[in-house]
Amino acid sequence: VQLQASGGGLVQAGGSLRLSCAASGRTFSTYVMGWFRQAPGKEREFVANINRSGGSTYYADSVKGRFTISRDNAKNTVYLQMNSLKPEDTAVYYCAAGTTRTTSADYAYWGQGTLVTVSS
């Protein structure tokens, strides 16, 4: 599966952005999906994941209550709605697809990343 992330940009602190990740192929619904991010000079970290049906989600403590992951299997797309953004959310955001729902980076497929910059 090929993943294409989009929706990043520059936003002021307190603002919102919605990231999208479009997947190719007809097997999207068979994958669990995750979002990760990597800030400059830091390791890639888990943000959120979602199960195959979209009925179960899990978040990193740092984004819980502010970010929402969702998916539309008919559109082969996973989303990350980001509200109340903080400067520390600045990072390149990556979507990932895999067979095991995990907070580690052990996903088989990765998108190219989209940059989110939050100004103070």
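Residues numbered from 1 in each chain as written. Predicted model: local features only at pLDDT ≥ 70, side-chain atom pairs only at ≥ 80, totals over all residues. Heavy atoms only, no water.

Draft legend 1. Summary view of the layout of surface pockets. Estimated volume of the largest pocket: approximately 180 Å³. Class assignment for the residues of the lining of the largest pocket results in two nonpolar, three polar and eight charged. (1 Å grid on protein atoms, 1.4 Å probe; cavity = no way out; pocket = protein on both sides within 12 Å on 5 of 7 lines; lining within 4 Å. Points joined across faces, edges and corners; volume = space filled by probe spheres on them. Nonpolar A, V, L, I, M, F, W, Y, C, P; charged D, E, K, R; others polar.)

Draft legend 2. Local environment of the packing of aromatic side chains. On inspection of all chains with the given rule, the structure shows six aromatic pairs. Summarising the aromatic geometry, the rings of Y31 and Y109 are spaced 5.7 Å apart at their centres and angled 85 degrees between planes, so their arrangement reads as edge-to-face. Taken together, the residues Y31 in the loop between β3 (17–23) and β4 (32–38) and Y109 in strand β10 (residues 109–110) connect sequence positions 78 residues apart. The exposure class assigned to Y31 is buried, which follows from its relative accessible area of 13%. The class of Y109 is partly exposed, set by a relative accessible area of 31%. In textbook terms, an aromatic cluster arises when at least three aromatic residues are bridged by ring pairs, as seen for F36, F46, Y58, Y107 and W110. The side chain of R44 reaches across the aromatic face of Y94, ending 3.9 Å from its centre. Here the guanidinium or amino end of R71 rests over the ring plane of F28, the centre of that ring lying 4.5 Å away. (Phe/Tyr/Trp six-rings, centres within 6.5 Å; stacked < 30°, edge-to-face > 60°. Helix = DSSP H or I, 4+ residues; strand = E, 2+ residues; numbered from the N terminus. Buried < 20%, exposed > 50% of the residue type's maximum accessible area, 1.4 Å probe, protein only. Lys NZ or Arg CZ within 6 Å of the ring centre and 35° of its normal.)

Draft legend 3. Layout of the pairing of strand β11 (residues 114–119). Side chains T114, V116 and V118 project from β11 onto a buried face, and the interleaved L115, T117 and S119 project onto a face without burial. Where strand β2 (residues 9–12) meets β11, four bridges bridge the pair, whose relative direction is parallel. Each residue of the ladder has a partner; that of V11, found in β11, is V118. Pairing between strand β9 (residues 91–98) and β11: three bridges, direction antiparallel. Within β11, the residue paired with V92 across the bridge is L115. (Pairing = 2+ DSSP bridges.)

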